[in-house]
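Each chain is listed here by its residues.
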Amino acid sequence: MILLNGKETAEAVKREIAEEVARMTSRGERPPHLAAVLVGDDGASKTYVANKEKACKAVGFNSTVLTFPDTISEAELLSVIDGLNNNDEVDGFIVQLPLPKHIDENKVINAVSPEKDVDGFHPVNVGRMSLGEDGFLPATPFGILTLLERYKIDTYGKHCVIMGRSNIVGRPMANLLSRKSYPGDCTVTVCHSHTRNIEEYTRSADIIIAAIGVPEFLKGDMVKEGAVVIDVGITRVPADTPKGYRILGDVEFSSVAPKCSYITPVPGGVGPMTIVSLMYNTFKARELKLKKQ
Ligand code: NAP
């Protein structure tokens, strides 16, 4: 079994981006600038945004975090987004999800300019991805593709079972892995909470991508020998640790790992790859803007 080390791979990609940024600034250009909008007081969201800020620093980007109380109205938030869309100093920005219940997430996602939508959530970018056109790919599936590519994992004609059909992970992942390209050319099955006898699908999979948010759902007896298993899940479960919790993936590592050819750990697998993909998209947004000037 080979561990797909997302942390190490992300560091390598970060070094490559940092070199590109150094080249950009040595030509007298300003570095890429990523802004993040954080609404409310959710601990996990704060951690994600802090990690993104840290990654920006590591690659030489400018970064800004705009924080708002969860009492912010939808109209106020939309006007913040309008400001970012029209701010020439900002190349890309993200609105950290989830948002408070009184705010329509779809409205917010639709308000982000597709040229600055480095999360790849805007319908224009989703459409471009579906058609195989150039755009911003959503960070988590993009990070998984990069991991498969860097480890040279064979995907041609493989049966890939994707557990979960969210707009940010499962659906785009299914789209990307069924593309006529590498990594891709898979025969994809998408499972969800209404799938009956899910283990019948997972047992026939060459590649499993687990993105359901149910800690340790996938067990060893649900996986065939030699499978590649990518664990996207991140769930905080109460634990006797200094932070009061620990992070669990969707895969029971102890029983699944011995059967795998490759597997991602949690933490240190998909998480760092997601962040580095956001960095890549922001760099790309800056480059596209420079080309237009
Ligand atoms: P989500 O929007 O809650 O979607 C979960 C999906 O899993 C849904 O499609 C749901 O089915 C399906 N599901 C739930 N329980 C199931 C079960 N018992 N059997 C089969 N399918 C089941 O979640 P998400 O945003 O995609 O995230 C999934 C997990 O990945 C979470 O733990 C999240 O924290 C993590 N995540 C990690 C990263 C990273 O960078 N590592 C990034 C994003 C998300 P229905 O559609 O039928 O409801």
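Residues numbered from 1 in each chain as written. Predicted model: local features only at pLDDT ≥ 70, side-chain atom pairs only at ≥ 80, totals over all residues. Heavy atoms only, no water.

1. Thoughts on the site of the ligand
In step 1: Taken together, 21 residues surround the ligand, and among them Arg165, Ser166, Ser193, Ile234 and Thr274 come closest.
In step 2: The separation between an oxygen atom of the ligand and a polar side-chain atom of Arg165 is 2.7 Å.
In step 3: A distance of 2.5 Å separates an oxygen atom of the ligand from a polar side-chain atom of Ser193.
In step 4: Protein contacts shield 70% of the accessible area of the ligand, which totals 930 Å² for the unbound molecule.
In step 5: Of the residues forming the shell around the ligand, the biggest block, 3 residues, is contributed by helix H10 (residues 270-292).
In step 6: When grouped by side-chain class, the residues that make up the shell around the ligand number 10 nonpolar, 10 polar and 1 charged. (Near = heavy atom within 4 Å. Polar contact = N/O pair within 3.5 Å; in protein donor to acceptor, adjacent residues only side chain to side chain. Areas by Shrake-Rupley, 256 points an atom, 1.4 Å probe, with all protein chains shown as cover. Helix = DSSP H or I, 4+ residues; strand = E, 2+ residues; numbered from the N terminus. Nonpolar A, V, L, I, M, F, W, Y, C, P; charged D, E, K, R; others polar.)

2. Quick word on helix H3 (residues 74-85)
In step 1: Helix length check: H3, at 12 residues, gives a terminal C-alpha distance of 16 Å against a target of 16 Å (1.5 Å per residue), a fit within 8%.
In step 2: Contacts from the buried residues of H3 go to strand S2 (33-39), strand S3 (62-68), strand S4 (92-95) and helix H4 (105-111). (Expected span 1.5 Å × (residues − 1). Contact = heavy atoms within 4.5 Å.)

3. Considerations on the UniProt feature "binding site: NADP(+)" (unreviewed entry) in the protein
In step 1: When the UniProt feature table is mapped onto this chain numbering, "binding site: NADP(+)" (unreviewed entry) sits at Gly164, Arg165, Ser166 and Ile234.
In step 2: In this fold, Ser166 is placed in the loop between strand S5 (159-163) and helix H7 (170-177).
In step 3: We classify Ser166 as partly exposed; its relative accessible area is 32%.
In step 4: Setting aside anything within four residues of it in sequence, one finds Ser166 in contact with Arg171 and Pro172.
In step 5: Looking at Ser166, its side chain comes within polar contact range of the main-chain nitrogen of Val169, at 3.1 Å.
In step 6: By the element assignment, Ile234 lies in the loop between strand S8 (227-231) and strand S9 (235-238). (UniProt positions renumbered as here; feature names shortened; annotations may be inferred. Buried < 20%, exposed > 50% of the residue type's maximum accessible area, 1.4 Å probe, protein only.)

4. Concerning the nonpolar core
In step 1: Judged by nonpolar contacts, the single largest core of 48 residues is most densely connected at Ile17, Ile209, Ile230 and Met279.
In step 2: For this core, the element with the most residues is H10, which contributes 9 residues.
In step 3: In this view, Met279 contacts Ile17, Leu34, Lys52, Ala55, Cys56, Val59 and Phe61; residues no more than four positions away in its chain are not counted.
In step 4: Listed in part, the 17 residues of the second largest apolar core include Cys191, Ile198, Leu218 and Val229. (Core = buried A, V, L, I, M, F, W, Y, C linked by side-chain atoms within 4.5 Å.)

5. Quick look at the packing of aromatic side chains
In step 1: Within this structure, the stated rule accounts for 2 aromatic pairs.
In step 2: Their ring planes at 80 degrees and their centres at 5.4 Å tell us that Phe142 and Tyr280 sit as a pair that is edge-to-face. One end of the pair, Phe142, is in helix H6 (residues 139-150); the other, Tyr280, is in helix H10, and 138 residues separate them in sequence.
In step 3: Taking the relative accessible area as the measure of exposure, Phe142 reaches 15% and is therefore buried.
In step 4: On the accessibility criterion, Tyr280 (39% relative accessible area) is partly exposed. (Phe/Tyr/Trp six-rings, centres within 6.5 Å; stacked < 30°, edge-to-face > 60°.)

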